[in-house]
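Here's the letter readout for the chains.
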Amino acid sequence: MKKITLISRISFLYGVIQIIVCLTGDQLLAQNDHARIKIDIERQVGEIDKMIYGNFVEHLGRCIYGGLYEPGSSLSDKNGFRKDVIQATKELNVPIVRWPGGNFVSGYHWEDGIGPVEKRPVRMDLAWGYRENNSFGTDEFIDWCHEVQTEPYFCVNLGTGTMDEARNWVEYCNIEKGTYYADLRIKNGHKQPHKVIYWGLGNEMDGSWQMGHKNAEDYGKFALETAKLMKGIDKNIKLVASGSSNYGGDWINWNRTILEYLKDQVDFISLHNYTGNRSNNYYEYMASTRFAEKAIKITEGIIQAELSKTKRNEPIYIAFDEYNVWYRAKGEEGNEEIYNLEDALVVATYLNTFIRNANIVKMANMAQLVNVIAPIFTTKEGSWYQTIFYPLYLFANNCHGTALETFVDSPVYQLKDTQIPYLDVSSAFNKEKNEVILNVVNRDKERLIITDIISQFGIFDGEAEIYQVNSKDIKDQNSAAKLLVKTNKGKQNVKGANFTYSFPAHSYTMIIIPLGSR
Ligand code: AHR
């Protein structure tokens, strides 16, 4: 009895102390420094499609010419492909690459880029204002894809192009033999069909900057008729509708209207989004990919609404086929985006977003792979990795399996009328390896966040691998001379239902946690 009284007195006293502590600002801050992440491998969002780690190469600046393709360079192979870029692309484990644009495709006529190189025409490219000599075309791109062991994803010209051009391209690539275009491919040295499965129906057709820009009705009608012809040539292809990129306009209505037309033909609708730190406001910038998540959620609703009007059983997914940080440079030689640590953290939040929405986002393509706005940067002498290479590398090589719904109790910061959690989190369960992959961006610029990581199903058991992208200063950049921002590795033994980890200020951390047997 006496004991109980003592305990209740102590807990009363503790309660009073807690209230006092909460009333003093500093202590409140100290309390807020603690976070909790709960992982339950039974709370599943969906299977992670490896295509969310895709990439994109466009005829823009030094992406193709002087980037992945540089005939005559001592660093290139017999096809003119830069061997260091092939190596880096393989390291990035890129499952699918979109080509040839981008804005470029809306003025591109694919037949200019086949056959003997010396006979290919030089054209004015009105998207970026270059001369295109067409020495890199369909067959070169396919050969390059074979070398890097990636899936090709073509985008057709629905700007200045015709339906016939689009369907003829499918015929050139996918019909084995015995038709005009299939035999032309064979004559051009490719006996086997290219078997291109993924085809985009135009690029950013909602943007007034696009050659041949259309309103949603006109695009919907044109894309529908084109889709029918393309599938008439090869019914196995997968089509991607050109969804929103122009968020200044009525982008929600664009997606709804085009899906009204295309819901029975397409397998994906695309979304594009770029972000940047234009006003040099770190905390605003660190929260900027929340817009991408909102666009995904809204588009998911539109997809479901449109599917409810058809008899088709197959789903329509989102292909987030252009995303990145892009705000400084235009992309041409000498004016290419050089990334810093904060950009790498923002890219990690894009990737977290795709994992959190893995049920609906089944493809994503960083724009772009080489030089322009890219993780790989080439010079005449070699190549080096930009800061954004490292989060993409970690995700693409490790974050596979089933995406989980993660409970996160994180301290927050105030951004206008919204509270933003400092920790941006995603997690996945890899059944084959019996491990959980946890991705955490600590957006706090100054403080580490001590975090309890709690398993709600089974126990953690073994040596957790820790990979961290960080550097002293958020503005630190890489260069050919020095890689300031890269991945540091660590280990921590974990056993039981929880462990504690301190996520350093301005960092992205991946923890691969082995699970005990269940
Ligand atoms: O990736 C660079 C450009 O950004 C693409 O050409 C276009 O689709 C987007 O506006």
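Residues numbered from 1 in each chain as written. Predicted model: local features only at pLDDT ≥ 70, side-chain atom pairs only at ≥ 80, totals over all residues. Heavy atoms only, no water.

Chemist: Would you take a moment to explain the overall build of the protein for this structure?
Modeler: Within the protein, the regular secondary structure consists of 12 helices and 25 strands. Each principal axis of the C-alpha atoms in the protein carries an extent, and together these give about 95 × 55 × 45 Å. Burial statistics for the protein: of 518 residues in total, 57% are counted as buried. The contacts of the protein with a sequence gap of at least 6 include a subset with a gap of at least 24, amounting to 76%. Taken as a whole, the protein presents about 21,900 Å² of accessible surface, with 51% of it coming from carbon and sulfur. For the protein, the distance from the average site of its 57 positive side-chain charges to the average site of its 64 negative ones is 4 Å. (Helix = DSSP H or I, 4+ residues; strand = E, 2+ residues; numbered from the N terminus. Buried < 20%, exposed > 50% of the residue type's maximum accessible area, 1.4 Å probe, protein only. Contact = heavy atoms within 4.5 Å. Areas by Shrake-Rupley, 256 points an atom, 1.4 Å probe, with all protein chains shown as cover. Lys, Arg positive; Asp, Glu negative; His and termini not counted. Charge placed at Lys NZ, Arg CZ, Asp CG, Glu CD.)

Chemist: What is the right way to read the confidence of the model for the protein from this model?
Modeler: Do not read the predicted coordinates in detail wherever pLDDT is low. With 94% of its residues at a pLDDT of 70 or more, the protein has an overall mean of 94. Confidence drops under pLDDT 50 across residues 1-32; counting only partners more than four residues distant or on other chains, this segment forms 7 contacts. (pLDDT = per-residue confidence, 0-100.)

Chemist: Teacher, can you tell me more about the environment of Arg120 here?
Modeler: Structurally, the position occupied by Arg120 is in the loop between strand S4 (96-99) and strand S5 (123-125). Since its relative accessible area comes to 8%, Arg120 is described here as buried. A C-alpha to C-alpha distance of 41 Å links Arg120 and Val346, two positions 226 residues apart in sequence. Those residues in contact with Arg120 that lie beyond four places of it in its chain are Asp112, Gly113, Ile114, Gly115, Asn133, Asn134, Ser135, Phe136, Gly137 and Glu140. A distance of 2.7 Å separates the side chain of Arg120 from the backbone oxygen of Gly115, its partner in a polar contact. A polar contact is formed between the side chain of Arg120 and the backbone oxygen of Asn134, at a distance of 2.9 Å. (Polar contact = N/O pair within 3.5 Å; in protein donor to acceptor, adjacent residues only side chain to side chain.)

Chemist: Any chance you could explain the domain arrangement of the protein here in plain terms?
Modeler: Interfaces are often sized by the accessible area lost when the parts come together. Here the domain parsing of the protein yields domain 1 (28-46 + 404-514) and domain 2 (49-398). Computed over C-alpha atoms, the centres of domain 1 and domain 2 are 30 Å apart. At the interface, 43 residues of domain 1 touch 30 residues of domain 2. For the pair domain 1 and domain 2, the summed buried area comes to about 3,100 Å², and 63% of that belongs to carbon and sulfur atoms. The interface formed by domain 1 and domain 2 holds 3 salt bridges in total. In this structure, Glu284 and Lys416 form a salt bridge, with 3.5 Å as the shortest nitrogen-oxygen distance. The tally of links from domain 1 across to domain 2 stands at 14 residue pairs in polar contact (both at pLDDT 80 or more). Within the residue set of the side of domain 1 that touches domain 2, elements represented by two or more residues are strand S2 (44-47), strand S17 (412-415), strand S18 (418-421), strand S19 (423-430), strand S20 (435-442), strand S22 (460-470), strand S23 (486-496) and strand S25 (507-514). A class-by-class count of the residues in the side of domain 1 that touches domain 2 yields 18 nonpolar, 15 polar and 10 charged. (Domains from an automatic or database assignment. Buried area = accessible area lost by both parts, 1.4 Å probe. Salt bridge = Lys/Arg side-chain N within 4 Å of Asp/Glu carboxyl O. Nonpolar A, V, L, I, M, F, W, Y, C, P; charged D, E, K, R; others polar.)

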